[in-house]
Amino acid sequence: MSSNGVKIECYGDTDIEHFVSGLYAPVKVVSRDVVGSSGMRGSVTRVGGSRIEYHEIFGNFDLVSRDSLDDTIFLMVLRGGLELSFQNSDLHLETEMAAIYRDPRSVRMREGGRQLSLIIPTAQLQAGVYRLLDGKAGRPLEFSKAALSASALSSFASALLGLESSPLVHLAEDVPGRRNGLEELIIDSLISKFPNNNSDLLEHVPHISPRQVKKALELIHGSPRRQKSPYELASASGVSTRALQYAFRRSTGRTISEYQILLRLKYARDDILRDRSNSIEAISSYWGFKSPSHFSQLFKRAYGISPSVLRQKHF
């Protein structure tokens, strides 16, 4: 389960228990149909330490928790419904409803259900609060326990569904020595978009002007061979790191790290097509990639073709 976009399929109580216990926490499966007729099918996409999961449900069964969970779960019902049971309450979700929760006592699955889940380590969510509040700890994060409606979910759920096959997932994993900017973006969006006990503090998050993003872009394009940290660019632009990261993402559609990698790949591609005598290994080294193989992986994900094949087709 360590790679992205892993397909999963399990049938029968034992297989379901093994799968769910391995990804979440130990559970017991209690079938409400003929024993062995239940199943799950879908995919698991890792984004840093978090996961995006899509499940189709076969049969009717309960997942009964045997241990506490260190994760927080955003779950949206795409079709059908399910019931979450907690120590002092129950929550019923139907099609196009969602909830953010921790530690359910049990989850009641229904035949034909389809669900989209985002599973985030709770400690990383708290780090997101710290990041959004520019170094202030905030309150121990608690989301509203009420069900969320479709009107509040469409853009967020669509973004999650689109990430399974997106090259951005792989690109974000391959930035050496950096935190996963895509994961941070997802976490920060969840905290900012959905009601929680820090929402009042987040209302005062500062915004920055386009000229400060332009300054960061000028610095990046001025010396594209060197990967610059968000902190370095923010300091030169006179704003906080978090504020620049968000404004940069809104303006360019990329995180700062992703933008720089794609820019270097573009220049490397130009060099490959410009001069056949310049080896791909030399081009890779010149543009700051840690190895020719790593360069080739990133290049193929960006352009759908390896550097060597591109050169062969061009000359």
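Now for a quick tour of the structure. Keep in mind that this is a model prediction, so the values were computed, not measured. The written sequence of each chain sets the order in which its residues are numbered from 1. Whole-chain, interface and lining totals are the exception, using all residues; otherwise, since this is a predicted model, local features are given only for residues with pLDDT of at least 70 and side-chain atom pairs are given and counted only at 80 or more. Excluding hydrogens and water, the side-chain values take into account all heavy atoms of the structure.

### A few points about the sheet that holds strand E2 (residues 27-31)
Cut-off, in case you're wondering: At least two bridges found by DSSP between two strands are what make those strands a pair. Only DSSP runs of H or I covering at least 4 residues are called helices, and only runs of E covering at least 2 are called strands; the numbering of each starts at the N terminus. Angles shown run from 0 to 180 degrees and are taken between the N-to-C directions of axes, each axis being a line fitted to C-alpha atoms and, for helices, limited to the stretch in contact. Contacts: residue pairs with any heavy atoms within 4.5 Å of one another.
Ordered by their spatial adjacency, 5 strands build an open sheet running E2-E5-E10-E7-E8, and the pairing between neighbours is antiparallel. The open sheet terminates on both sides in strands that have one partner only, identified here as E2 and strand E8 (90-94). Adjacent strand axes in the sheet meet at a mean angle of 15°, parallel and antiparallel pairs treated alike. Pairing geometry for strand E7 (residues 81-85) and E8, over 5 bridges, is antiparallel. Note that in E8 the partner of Gly81 across the bridge is Glu94. In the packing of helix H1 (residues 13-23) onto the sheet, contacts are made with E2 and strand E5 (61-65), and the angle to E2 comes to roughly 150°.

### Overview of the pairing of E5
Direction of pairing for E2 relative to E5: antiparallel, over a ladder of 5 bridges. Bridge pairing in E5 places Val29 opposite Leu63. One ladder, built from 4 bridges, connects E5 with strand E10 (residues 106-109); its direction is antiparallel. Each bridged residue has a counterpart across the sheet, and for Leu63 the counterpart in E10 is Val107.

### Things to note about the sheet that holds strand E4 (residues 50-58)
Ordered by their spatial adjacency, 6 strands build an open sheet running E1-E3-E4-E11-E6-E9, and the pairing between neighbours is antiparallel. Every interior strand has two partners, whereas the edge strands, strand E1 (6-11) and strand E9 (98-101), have only one. Averaged over neighbouring strand pairs, the angle between their axes works out to 20° when direction is ignored. With 8 bridges connecting them, strand E6 (residues 71-79) and strand E11 (residues 114-121) associate as antiparallel partners. Pairing of Met76 across the sheet is with Leu116, part of E11. Each of E4, E6 and E11 touches helix H2 (residues 122-132); the most contacted strand, E11, lies at about 70° to it. Docked against the sheet, helix H3 (residues 154-162) engages E4, E6 and E11, running at close to 85° with respect to E11.

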